[in-house]
Amino acid sequence: MASGTALIYDEEMTRYKLLWVDPICKIEVPERLVVSYAALQKAGLTQRCVALPVREATDEDILLAHSTEYLEAVKKTPYMTLEELMTFAVPYGDVYFHPNIYHCAKLAIGATLNLVDAVMTGKVRNGIALVRPPGHHSQRSTANGFCIFNNVAIGTLYAKKKYNVRRVLIVDWDIHHGQGLQYCFEEDPDVLYFSWHRYEHQKFWPNLRESDYDSVGKGRGAGFNINLPWNKVGMDSNDYLSVFFHVLLPVAYEFNPELVMLSAGFDSAIGDPEGEMCATPEIFGHLTHLLMSLAGGRLCAVLEGGYNLTSLPQSVCQTVQTLLGDPVSRISGLSSPSKSALESIQSVRSVHQQYWACFKHVAAKPGYEPHTKHSKLEAGQDGLQPGEETKEISWPEPLLRLPPPTRTAVALPAGLEDSVPESCKRVTETLLTPEEAAEKLGNLNIQDLKNKDLLQSLGNVQSLVDKIEKKQVRNGLLLVPDLRKTLAFAVQHALISLTDRVLLVFLGNEAPVEVRVDGKLMLVQFCSTEPHEPKSKHHIPVMMKGFGDVPGFLHAVLTLLLPLAYGYDPGLILVAMGKGSGMGVAAWTQLTSLLQGLAEGQMLVLMQQGDEEETIRTTAASLLGEPAQSLGTLGDPLPESMDAVEKLRLKLETQWGLLQTRGQNLP
Ligand code: X5A
Ligand code: ZN
């Protein structure tokens, strides 16, 4: 299994700049790369990555996405005078040239292709290319928006051609619409292009009608182009996460990509003069983490925009640190997406409901809303007005994300120890005394107090929670003789010594622990028989029609569990599988991987003794940071599962705002 993170950077790409006065282009400066790389160095991240060289793209590479005439024209720019360069740029729009930009543009492509090579050959698992010029606005025969050649388009076509990759997902989180990427792939059903972008009902650059949500792709590519327009500025982490939970991730899993290409522009971060959005740099750690469970972890990030020289390097560091597998920081205080964001989410879901099974239950759009309806910018309660408050905007510096010295500890019965990798720390603790156990677990009877196995497993739980609390260990796996008692003990002990919010995700029919009324425990229970009516908003039983419905289960995880978990912001995750829940191994590793984005990855997995070695091995691998297994081509989810999840979301969405998917005045 591939491991490691590639980092591609070359100072040469800082050696071009704007040579005349142009208020539009002046933000695209060499310092963007300098400060990004310096921040990585300062955080000790460059040494942890696999440094790869850049190369010059060949004509053949460039011609994958561009016309000969355009290439030949750009080839002449190194020999042009200043005045000729200025004139050359005019017809393209929002772009400048420099005698060295052609050279740099070839290196930016070459960097992208070296990254694709490294990921596709398994030299590394994932990586990032820090490049200038950016690429996603560039089209077959045009430069545009600071972009000369379309790095990610060429990288995608190269991967398809050289490695026979069939399905590629392109995620474009830059705050501008990558229209170059859209045009390149809009008829291709094997490339799913997702972009969110500042749009403001077409008032924002590049002001294209085709950037709206109703551009879904053409011909055989219909359904494979997804545009999420932001119609107001000031969008924040709530809005970004909601779009991932309710739009991008469900479709991405259904698409089942073999490779993820990321147009990583950080002008969507707070403080950026172009985006004017409010999402803090930490969010990019989460967005990256959420994408890392796709395509067996094969992810190639390529820098696009990002013009605030403070939030850009911070966001780059968050992204790289997550690619490396470091624990993701907690995001506190999440609430719900803004009204305008909800309208966009609802629009894109309903216009795509005919293409994707994950949206089948969404009301179809009665007809496209012509956006002339919103021809004036209304003053909204949510978000900022354009241009407002961008000067002195500030945010706290992201906290250091120190990985504990040991990632995973295990407590396994003798005989099973060899089924997990050596790098797992073995925990064998002294027994808990019956008194200690009884103190935290009032309902022990005489029988239990004599049960050495039980007292041993409680001792292991206690020791693991304490190691997590001391930041010696990040997560752990325990096989226990009595799942319910051990879970009850784990919750009690964690609430005493580690955190005041525990999330317990339980797969099985019996409610595993007594539901607390104080909100210190959130219990999400996947079950196949009708559960008792929950007594608290913190007990959420999810009825699945058996655990064999992988698409239905995934739908519940993405659109219910993750929004709940992010809204709750736990300090510890407990995951427990009752015996014989029958969950497939791939779905199980998806669950354990995705949940590691919460609680700084502090997680304990408890399993009833008697489970197969295979489950233990894959669970340990997931805790150690191996990518989740791909779920393959998903069939349609069972309607019963979908109904159950939708009903729950409607019931809970007022209390847990990240569950919302609809604007008020739309059907
Ligand atoms: C790559 C990128 C932005 C161009 C803005 C032009 N380009 N107004 O972020
Ligand atoms: Zn941009």
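Fair warning: this is a prediction, and the values are worked out from it, not measured in the lab. (Residues numbered from 1 in each chain as written. Chains lettered and ligands numbered in written order. Predicted model: local features only at pLDDT ≥ 70, side-chain atom pairs only at ≥ 80, totals over all residues. Heavy atoms only, no water.)

A.B. asks: What exactly am I supposed to notice about the overall build of the protein here?
C.D. replies: Of the regular secondary structure elements, the protein holds 19 helices and 16 strands. A compact globule built from 667 residues would reach a C-alpha radius of gyration of about 26 Å, and the protein, at 25 Å, matches this within 12%. Based on the C-alpha atoms only, the size of the protein along its principal axes is roughly 90 × 55 × 50 Å. With 667 residues in all, the protein has 64% of them scored as buried. Put simply, of all contacts in the protein between residues at least 6 apart along the chain, 78% involve residues at least 24 apart. Here the protein has roughly 24,300 Å² of accessible surface; of this, 51% comes from carbon and sulfur atoms. Computed over 59 positive and 76 negative side-chain charges, the inter-centroid distance for the protein is 2 Å. (Helix = DSSP H or I, 4+ residues; strand = E, 2+ residues; numbered from the N terminus. Rg over C-alpha atoms; globule rule 2.2 N^0.38 Å. Buried < 20%, exposed > 50% of the residue type's maximum accessible area, 1.4 Å probe, protein only. Contact = heavy atoms within 4.5 Å. Areas by Shrake-Rupley, 256 points an atom, 1.4 Å probe, with all protein chains shown as cover. Lys, Arg positive; Asp, Glu negative; His and termini not counted. Charge placed at Lys NZ, Arg CZ, Asp CG, Glu CD.)

A.B. asks: How should the sheet that holds strand S11 (residues 473–480) be read in this particular structure?
C.D. replies: Sheet strands associate in pairs through backbone hydrogen bonding, adopting either a parallel or an antiparallel arrangement. If you trace the eight strands from one edge of the open sheet to the other, you get S10-S9-S11-S16-S15-S12-S13-S14, paired in parallel fashion. Strand pairing shows two members of the sheet lacking a second neighbour, strand S10 (425–426) and strand S14 (539–543), which therefore form its edges. As paired strands, strand S13 (residues 521–527) and S14 are joined by five bridges and run parallel to one another. By the bridge assignment, Val524 is partnered in S14 with Ile540. (Pairing = 2+ DSSP bridges.)

A.B. asks: Looking at this model, I keep getting lost on the packing of aromatic side chains. Mind explaining?
C.D. replies: What characterises a pair of aromatic rings is the spacing of the ring centres plus the angle enclosed by the ring planes. Per the counting criterion, the structure on display carries 22 aromatic pairs. Through successive ring pairs, a cluster of aromatic residues spans Tyr70, Phe88, Tyr92, Phe97, Tyr102 and Phe149. Its end group placed over the ring of Tyr16, Arg132 keeps NZ or CZ at 3.9 Å from the ring centre. Between the NZ or CZ atom of Arg501 and the centre of the ring of Tyr568, over which it lies, the distance is 5.9 Å. (Phe/Tyr/Trp six-rings, centres within 6.5 Å; stacked < 30°, edge-to-face > 60°. Lys NZ or Arg CZ within 6 Å of the ring centre and 35° of its normal.)

A.B. asks: For this particular structure, what's the right way to read unusual backbone geometry?
C.D. replies: Peptide bonds are mostly trans, and most non-glycine residues show a negative phi. Cis geometry is found at the peptide bond from Arg132 to Pro133, where omega equals -10°. Position of Pro133 among the secondary structure elements: in the loop between strand S3 (126–129) and helix H6 (151–163). Here the residue pair Trp205 and Pro206 is connected by a cis peptide bond, since its omega of 5° sits within 30 degrees of zero. The phi torsion at Lys471 lies on the positive side, around 60°, for a residue other than glycine. Mapped onto the fold, Lys471 is located in the loop between helix H14 (452–469) and S11.

A.B. asks: Mind showing me how you'd approach the site of ligand 1 here?
C.D. replies: For ligand 1, the set of nearby residues contains 14 residues, the closest of which are Asp94, Gly145, His176, Asp267 and Tyr307. At 2.5 Å from an oxygen atom of ligand 1 is found a side-chain nitrogen or oxygen belonging to Tyr307. Bound to the protein, ligand 1 loses 97% of the 310 Å² it would expose on its own. Among the residues forming the shell around ligand 1, the class breakdown is five nonpolar, five polar and four charged. (Near = heavy atom within 4 Å. Polar contact = N/O pair within 3.5 Å; in protein donor to acceptor, adjacent residues only side chain to side chain. Nonpolar A, V, L, I, M, F, W, Y, C, P; charged D, E, K, R; others polar.)

A.B. asks: What should I look at first to understand helix H18 (residues 613–623) in this one?
C.D. replies: In an α-helix, one turn spans 3.6 residues; hence positions three or four apart end up facing the same way. All of the buried residues along H18 are Thr615, Ile616, Thr618, Thr619, Ala620, Ser622 and Leu623. Considering only its buried residues, H18 is in contact with strand S9 (406–411), S11, strand S15 (572–577), helix H17 (585–595) and strand S16 (603–608). Directly beyond the C-terminal end of H18, a positive phi value near 105° is found at Gly625.

A.B. asks: Quick question: what am I supposed to make of the sheet that holds strand S7 (residues 259–264) here?
C.D. replies: Strand order in the open sheet formed by eight strands is S2-S1-S3-S8-S7-S4-S5-S6, with parallel pairing between adjacent strands. Of all strands in the sheet, those bounded by a partner on one side alone are strand S2 (50–52) and strand S6 (225–230). Taking each pair of neighbouring strands and ignoring which way they run, the sheet shows an average axis angle of 15°. Sheet analysis places strand S4 (residues 168–172) next to S7, joined by five bridges and oriented parallel. Residue pairing across strands places Leu169 opposite Val260, the latter belonging to S7. (Axes fitted to C-alpha atoms, helices over the stretch in contact; angles between N-to-C directions.)

A.B. asks: What exactly am I supposed to notice about the domain arrangement of the protein here?
C.D. replies: Interfaces are frequently sized by the accessible area removed from exposure as the parts join. Split by domain assignment, the protein resolves into domain 1 (5–374) and domain 2 (406–659). Each of domain 1 and domain 2 has a C-alpha centre, and these two points are 36 Å apart. Across the contact, 35 residues belong to domain 1 and 37 residues belong to domain 2. In total, domain 1 and domain 2 occlude about 2,900 Å² of area from one another, counting both sides; carbon and sulfur atoms represent 56% of this. (Domains from an automatic or database assignment. Buried area = accessible area lost by both parts, 1.4 Å probe.)

A.B. asks: Looking at this model, I keep getting lost on the coordination of the zinc ion (ligand 2). Mind explaining?
C.D. replies: When four donors bind a metal tetrahedrally, each ideal donor-metal-donor angle is 109.5 degrees, and when six bind octahedrally, the ideal angles are 90 or 180 degrees. Of the protein atoms, only Asp174 (OD), Asp174 (OD), His176 (ND1) and Asp267 (OD) coordinate the zinc ion (ligand 2), at distances of 2.0 to 2.6 Å. Binding-site remark: the zinc ion (ligand 2) is held by donors from one chain whose sequence spacing is D-x1-H-x90-D. Pair noted here: Asp174 is in the loop between S4 and helix H7 (179–185) and Asp267 is in the loop between S7 and helix H9 (282–291), with a separation of 93 residues, a long-range link. The class of Asp267 is buried, set by a relative accessible area of 0%. (Donors = N, O, S within 2.8 Å, 3.2 Å for Na, K, Ca; no water.)

A.B. asks: Where do I start with the pairing of S13 in this structure?
C.D. replies: Successive residues of a regular strand alternate their side chains across the two faces of the sheet. The element S13 is extensively covered by neighbouring structure, given that seven of its seven residues are classed as buried. Side chains Leu521, Leu523, Gln525 and Cys527 of S13 all project onto a buried face; the interleaved residues Met522, Val524 and Phe526 project onto the opposite face, where all are buried too. In the sheet, strand S12 (residues 502–507) pairs with S13 via six bridges, with the strands oriented parallel. The residue bridging Val505 from the neighbouring strand is Val524, located in S13.

A.B. asks: What is the right way to look at helix H3 (residues 68–75) in this model?
C.D. replies: Looking at H3, one finds that the buried residues are Tyr70, Leu71 and Val74. Taken down its axis, H3 places every buried residue within 100° of arc, on the same side. Structurally, H3 contributes buried residues whose contacts are with helix H2 (59–62), helix H4 (82–89) and helix H5 (101–120). (Arc of directions from axis to C-beta.)

A.B. asks: I keep staring at the pattern of salt bridges and nothing clicks. Help me out?
C.D. replies: Any two side chains of opposite charge can pair, so long as their charged atoms come close to each other. In this structure the tally under the stated criterion is 30 salt bridges. Put simply, Asp569 and Arg501 hold a salt bridge, and the shortest N to O gap is 3.3 Å. With a gap of 68 residues between them, Asp569 in the loop between helix H16 (550–568) and S15 and Arg501 in the loop between helix H15 (483–497) and S12 connect regions that are remote in the sequence. For Asp569, a relative accessible area of 8% gives the class buried. (Salt bridge = Lys/Arg side-chain N within 4 Å of Asp/Glu carboxyl O.)

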